[in-house]
There are 2 protein chains.
Amino acid sequence: MAEPEGNSSVQFFEGVEKLLEIWFARTDGNTNQCDLRNIPRQKLENLLKIVRCEVISFMSNDNIDAYVLSESSMFVAQRRFILKTCGTTTPLQCLKPLLVLVQQYAGFDDVEDVFYSRKNFKRPDLQMSPHQAFEQEVALLDTFFENGSAYCMGAMNRDCWYLYTLNPLSGENNKKLHGGITEPDQTLEILMTELDPEVMSMFSREECATAAEATQKSGIEKLIPNMEVDDFLFDPCGYSMNGIMKNGCYMTIHITPEPEFSYVSFETNVPQTSYKDVISRVLETFQPGKFVLTVFANQTSSASQTPRELLKTSSFSEWMRRDIQFCRFKNYDLTYAFYSKFPS
Amino acid sequence: MAEPEGNSSVQFFEGVEKLLEIWFARTDGNTNQCDLRNIPRQKLENLLKIVRCEVISFMSNDNIDAYVLSESSMFVAQRRFILKTCGTTTPLQCLKPLLVLVQQYAGFDDVEDVFYSRKNFKRPDLQMSPHQAFEQEVALLDTFFENGSAYCMGAMNRDCWYLYTLNPLSGENNKKLHGGITEPDQTLEILMTELDPEVMSMFSREECATAAEATQKSGIEKLIPNMEVDDFLFDPCGYSMNGIMKNGCYMTIHITPEPEFSYVSFETNVPQTSYKDVISRVLETFQPGKFVLTVFANQTSSASQTPRELLKTSSFSEWMRRDIQFCRFKNYDLTYAFYSKFPS
């Protein structure tokens with residue numbers, strides 16, 4: 001996405017996003033008057049300057065504000081903030097001003113949970129501080145949060161995925177506050193690399209005149225039905241879309257189509273008792289050479305049986321599983337799996 | 001263990017071991033004439049010089065040779081080689097000469113599986129190359145093995161445990177050779193830190209005149225019955241023991257008792273349908289402040305239900321679980337868990 005305009009020679013772009021999700025709370029439990037969407041737009045735009053990206057499109061409904069950014073997306077709900085940015089953006093640099101804004105305008109005074117995650121970068125050397133290494137990112141996060149734990153899922157010397165989240169010992173601090181998110185919550189991410197060049201060619205101005213055309217032609221519009229869509233086709237190539245539902249559920253897709261470093265991410269928090277069909281549709285649509293799959297589901301989520309199901313799923317069509325790992329947190333189960341087509 | 005003699009001031013010693021386990025095979029499948037125990041003793045001793053340790057005691061039976069080393073232990077069976085060394089030893093430096101010796105004297109011409117693992121060091125800066133960082137160890141291992149994958153289990157910014165093992169995509173290479181170890185196999189490890197100083201004081205010459213006295217007084221002799229024991233009490237303090245059974249099963253315990261950096265490791269491959277009793281006995285015996293628990297079990301092992309059992313075990317008496325992760329490999333399931341006493 002966000003390629004330098006008119007540059008037809010191939011310049012590297014890091015499609016892999018940094019994903020920051022924070023849930024806010026109040027120590028007195030009274031959050032009726034609290035809302036992250038009370039933070040003024042201009043303040044959010046100033047925040048994004050620190051991250052080194054900007055808003056290029058916006059839509060919203062009663063439950064969620066959805067921003068398409070020059071580098072990926074931002075979703076703001078009552079107490080959940082999601083910032084997903086690719087390229088050489090610096091989302092962790094905005095943590096301190098974000099926490100100040102939240103207290104000042106949204107009325108929350110505590111962080112209930114944090115999830116900072118990303119796949120391993122293709123070119124970590126091109127990142128800016130603190131994003132050159134996960135250890136640096138963790139060191140920064142540890143200055144903000146007392147009970148943060150850092151994990152690496154998958155093969156560190158191949159494809160892997162990093163996560164930082166709060167993981168207090170039960171009984172530590174205030175149980176009520178840090179018992180974790182009890183409302184049903186789940187997130188599916190599919191991070192794809194080595195994609196089919198023919199599919200990728202659709203996400204360029206050369207092949208599609210508009211974002212809507214790319215969304216339709218590629219089959220993206222059929223991945224999850226009943227989404228209100230805000231899509232954007234970059235010049236000369238690259239694609240982003242946000243989809244939101246009335247109930248506050250979202251999906252988001254970001255595409256770096258260049259064959260030398262193709263990357264597609266798919267993310268949604270739509271609840272499903274089984275994600276197999278959604279995953280299969282995503283794979284058929286984008287035809288990746290390999291992909292990382294992550295599913296978070298808490299105990300009250302309808303997706304809570306996902307770990308069991310994925311453990312049984314040693315392949316999706318021609319994609320064979322190479323790794324599967326399972327992690328139990330405070331009240332979330334995380335499943336990580338890595339699949340690739342048989343080496344040709 | 002292996003403290004500088006007569007030095008009563010506290011000098012740091014890294015109790016955390018590097019554990020290398022290699023299973024050998026033959027490409028033609030015919031291993032009747034092959035045996036790692038055909039490698040001459042002098043050749044093994046030369047190998048250990050490269051690792052920077054030496055043999056201090058030896059016992060054996062028809063199924064296994066067990067060495068107590070100046071830094072931990074070595075076990076040699078027909079096709080399984082185990083080298084576990086603490087301090088600033090360099091076990092990965094012996095890989096190349098080991099593979100040469102195995103081909104030359106033992107008749108194997110292929111490696112069926114490799115497990116290199118260790119807890120995070122307390123003082124990585126004091127290690128020698130390539131052991132200062134797991135990334136360095138992995139880079140070296142990757143020069144020997146084509147399908148090696150490197151994992152970090154647990155919280156990278158707190159207590160964690162590293163593993164390198166072979167993880168070929170099914171179908172890669174020769175299926176017969178790299179389908180994995182099919183005979184029942186399991187390994188339990190408990191890596192304990194912040195141990196009770198009163199318990200630790202038993203593992204010193206001041207308190208016990210002989211290793212046998214320490215073994216009996218501490219309760220180590222009751223942990224797993226029917227073991228032939230070879231124990232060693234270091235001067236002024238530190239303890240190592242190997243136990244072997246007629247059927248080739250082993251156990252091994254290594255103790256660094258100094259309160260400033262106390263560490264105890266317990267390892268066994270004795271099969272159990274449940275490890276709960278063994279784990280409880282070990283915890284009651286050593287009284288650690290916290291511990292890492294790892295269980296490997298392959299599909300034919302009687303311990304194959306361990307992941308399910310440990311997932312249900314959120315505490316052992318006063319030790320509460322902080323992390324649990326589960327990993328499925330080719331034909332092994334690995335469970336990692338971390339427990340600590342509630343912070344006082």
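Residues numbered from 1 in each chain as written. Chains lettered and ligands numbered in written order. Predicted model: local features only at pLDDT ≥ 70, side-chain atom pairs only at ≥ 80, totals over all residues. Heavy atoms only, no water.

- With an unreviewed UniProt entry as reference, chain A is termed S-adenosylmethionine decarboxylase proenzyme, source organism Gryllus longicercus.
- Reading the Catalytic activity (unreviewed entry) entry of the UniProt record for chain A gives the comment "S-adenosyl-L-methionine + H(+) = S-adenosyl 3-(methylsulfanyl)propylamine + CO2".
- Its UniProt record gives chain A the following Pathway (unreviewed entry) comment, quoted word for word: "Amine and polyamine biosynthesis; S-adenosylmethioninamine biosynthesis; S-adenosylmethioninamine from S-adenosyl-L-methionine: step 1/1." (UniProt positions renumbered as here; feature names shortened; annotations may be inferred.)

**Thoughts on the relation of the copies chain B and chain A**
So, step 1. Screw-axis analysis of chain B against chain A gives a translation of 0.0 Å along the axis, an RMSD of 0.0 Å, and a rotation angle of 180°. Within this description, the copies of the chain are treated as partners about a two-fold rotation axis. Judged by C-alpha distance, F326(B) is the residue of chain B that lies nearest the rotation axis, at 2.5 Å.
So, step 2. Counting the interface residues of chain B, we find that 100% of their copies in chain A are interface residues as well, pointing to one common contact surface. (Least-squares fit on C-alpha atoms with pLDDT ≥ 70 in both. Contact = heavy atoms within 4.5 Å.)

**Observations regarding the interface of chain B and chain A**
How big an interface is tends to be reported as the loss of accessible area on association of its parts.
So, step 1. With 37 residues of chain B at the interface, the matching set in chain A holds 38 residues.
So, step 2. Buried area between chain B and chain A, both sides added, is near 3,000 Å², and the carbon and sulfur share of it is 50%.
So, step 3. Remark: the boundary between chain B and chain A carries 0 salt bridges.
So, step 4. The interface formed by chain B and chain A includes 23 residue pairs in polar contact (both at pLDDT 80 or more).
So, step 5. Listed by contribution, the elements that provide at least two residues to the side of chain B that touches chain A are α3 (134–144), β7 (148–154) and β16 (319–328) of chain B.
So, step 6. Among the elements that take part in the side of chain B that touches chain A, β16(B) stands out by supplying 9 residues, more than any other. (Buried area = accessible area lost by both parts, 1.4 Å probe. Salt bridge = Lys/Arg side-chain N within 4 Å of Asp/Glu carboxyl O. Polar contact = N/O pair within 3.5 Å; in protein donor to acceptor, adjacent residues only side chain to side chain. Helix = DSSP H or I, 4+ residues; strand = E, 2+ residues; numbered from the N terminus.)

**Side note on the UniProt feature "binding site: substrate" (unreviewed entry) in chain A**
Residues and elements named next belong to chain A.
So, step 1. The UniProt record marks F13, E71, F234 and E258 with the feature "binding site: substrate" (unreviewed entry), using the residue numbering of this structure.
So, step 2. Its relative accessible area of 10% is what places F13 among the buried residues.
So, step 3. Counting through the fold element by element, E71 comes out in the loop between β3 (65–69) and β4 (72–76).
So, step 4. What makes E71 buried here is its relative accessible area of 14%. (Buried < 20%, exposed > 50% of the residue type's maximum accessible area, 1.4 Å probe, protein only.)

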